[in-house]
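For reference, the chains in residue letters:
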Amino acid sequence: MRTLLIQNGQLLSPVNGYRGEKKDILIRDGKIAEIEDSISAEGVSVVDASGCYVTPGFIDIHTHCYPKAFLGLEPDVLGLKRGATTILDAGSSGADNYEDFRRNFIDKSRTKVFTLLNVSKEGLIRGHELDSMDKLDEAALKKTLEQYKDNIVGLKARASASVVGQMGLTPIAEAAALAKETGKPLMVHVGNYPPALTEVLKLLGRNDIVTHAYHGKKGGILNEEGGIISEALEARERGVLFDIGHGVASFSLRVFEKALAKGFDCDLISTDLHVENYEGPVYNIASVMSKILNCGNTPEQVIHKCTCAPARHFGLKGLGELKTGYTADLNLITVDPCSEEIADSIGDTVMLKEKITVRKTVYSRGEESEIFGESSAD
Ligand SMILES: [Zn+2]
């Protein structure tokens with residue numbers, strides 16, 4: 001479809017000044033052509049957005065969508081089917097297998113997929129991908145980054161005991177150095193000690209990202225007294241971003257609530273969707289957003305953290321905003337009162353008082369736009 005009118009929706013995109021204003025959006029040739037109080041419906045297909053907020057399409061910066069790697073699922077199962085119009089694969093592929101991922105999955109999916117290339121050349125094929133420095137092929141990594149700079153928007157490294165084995169902090173230090181040298185943001189997965197989070201944080205600089213920042217494992221961002229560790233405060237001061245990365249074992253509601261009470265909110269919201277959590281406890285990005293909303297964020301904050309914030313951070317041009325000339329990827333969502341108990345990844349729960357549901361997704365690629373129905377959790 002080339003022309004489409006989204007009528008009567010309340011726009012929600014704080015960076016563009018929309019905080020619930022009722023406006024119409026005209027889409028032409030895959031782009032947002034006009035945003036006005038009222039646009040004539042004559043001769044165009046209409047989507048009635050009455051009762052819905054209209055937001056930019058959601059961008060999920062942490063998924064595993066390379067099915068040949070550990071835990072991976074098809075991009076469209078984790079993206080469009082779950083209300084995210086753009087997803088990032090977080091390190092499933094490395095220099096050895098990126099081309100296969102690109103050719104057979106990224107280029108064949110409908111969902112827009114960008115890549116955080118694993119610093120380990122093997123990606124997540126076997127796990128323990130950084131237990132030997134032989135797996136870090138600097139020349140191959142740089143060549144892949146250069147050749148595919150249209151798609152690779154950052155690097156990924158996992159700093160957990162099971163991944164680095166006896167190598168400790170060494171591969172993570174190397175990853176941080178490579179990120180600085182190549183000018184790419186590094187997403188670091190933090191988990192079980194060693195290496196210690198305090199040491200990992202000291203390595204990170206402006207634009208790097210800590211994913212699983214609010215995990216409930218030992219040695220996290222809270223100190224013994226329940227305050228924020230000084231290394232995390234200093235990292236934020238330097239421009240390091242803190243991401244949810246919910247996952248199957250990496251998000252604790254209680255840790256997040258305590259951090260929030262100390263003013264240490266998340267900068268980004270992502271799912272870490274993969275084969276072991278897409279049927280729960282993660283489900284989809286709206287479900288993770290609902291948890292963050294109920295912990296005390298506003299709807300404007302949660303929308304910003306998975307639209308404009310990731311688009312600007314990773315330089316995803318034309319995405320993440322409600323602005324003329326931008327790609328017409330939109331979600332029609334509702335924020336409904338509810339009383340539903342929902343669990344984090346360690347079994348703690350929160351009683352949802354409000355729930356975000358994606359009712360429709362308008363997705364554009366090239367000059368064509370299409371409409372998807374309610375994104376399901378299965
Ligand atoms: Zn992950």
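A quick note: this is a predicted structure, and the numbers were derived from the prediction, not measured.

So, on to the domain arrangement of the chain. A common way to report how large an interface is uses the accessible area buried once the components associate. As far as domains go, the chain holds domain 1 (3–55 + 326–334 + 351–372) and domain 2 (57–313). Computed from C-alpha coordinates alone, the two centres of domain 1 and domain 2 are separated by 29 Å. The partner domain 2 presents 17 residues to the 20 residues of domain 1 that form the contact. Looking at the side of domain 1 that touches domain 2, the elements with two or more residues in it are β1 (3–13), β13 (330–343) and β14 (349–365). The greatest single-element share of the side of domain 1 that touches domain 2, amounting to 10 residues, is contributed by β14. The residue makeup of the side of domain 1 that touches domain 2, split by class, is 9 nonpolar, 5 polar and 6 charged.

We now examine the pairing of strand β6 (residues 58–63). Taken across its 6 residues, β6 has 6 buried, putting it largely inside the fold. Sheet analysis places β6 next to strand β7 (residues 84–90), joined by 4 bridges and oriented parallel. Note that in β7 the partner of Asp 60 across the bridge is Ile 87.

A word on the nonpolar core. Side chains that are nonpolar tend, in soluble globular proteins, to be buried together. One finds Ile 6, Val 54, Ala 157, Val 188, Ile 269 and Met 289 to be the most contacted residues of the largest nonpolar core, which totals 112 residues. Broken down by element, this core gets its largest block of residues, 6 residues, from helix α9 (residues 285–294). Residue assignment places this core across two domains, with domain 1 (3–55 + 326–334 + 351–372) and domain 2 (57–313) each supplying three or more. Ignoring anything within four residues of it in the chain, the contact list for Val 188 reads Ala 157, Ala 159, Ile 172, Val 200, Leu 204, Asp 208, Val 210 and Thr 211.

Take the pairing of strand β5 (residues 53–56) next. The sheet contact formed by β1 and β5 spans 2 bridges and is parallel. Residue Gln 10 lies in a different strand from β5, and its bridge partner there is Tyr 53. Sheet analysis places β5 next to β13, joined by 4 bridges and oriented antiparallel. Residue pairing across strands places Tyr 53 opposite Ile 333, the latter belonging to β13.

Looking at the element boundaries, Leu 26 is found in strand β2 (residues 18–28). By C-beta crowding, Leu 26 is classed as buried, having 21 other C-beta atoms within 10 Å. Spatially, the C-alpha atoms of Leu 26 and Cys 266 are 33 Å apart, while their sequence positions differ by 240 residues. Setting aside chain neighbours within four positions, we find Leu 26 in contact with Leu 5, Ala 33, Glu 34 and Ile 39.

Let us look at the sheet that holds strand β8 (residues 112–118). The 7 strands lie next to each other as β6-β7-β8-β9-β10-β11-β12, forming an open sheet whose pairing is parallel. Lying at the two open borders of the sheet, with one neighbouring strand each, are β6 and β12 (241–242). Pairing of β8 with strand β9 (residues 152–159) involves 4 bridges; the strand directions are parallel. In the strand pairing of β9, Leu 116 is matched with Gly 154. Against the sheet, helix α5 (residues 170–182) touches β9 and β10 (186–190), its axis set at about 165 degrees to β9.

About the criteria used
Residues numbered from 1 in each chain as written. Predicted model: local features only at pLDDT ≥ 70, side-chain atom pairs only at ≥ 80, totals over all residues. Domains from an automatic or database assignment. Contact = placed C-beta atoms within 7 Å. Helix = DSSP H or I, 4+ residues; strand = E, 2+ residues; numbered from the N terminus. Nonpolar A, V, L, I, M, F, W, Y, C, P; charged D, E, K, R; others polar. Buried ≥ 20, exposed ≤ 12 C-beta atoms within 10 Å, placed from the backbone. Pairing = 2+ DSSP bridges. Core = buried A, V, L, I, M, F, W, Y, C linked by C-beta atoms within 7 Å. Axes fitted to C-alpha atoms, helices over the stretch in contact; angles between N-to-C directions.

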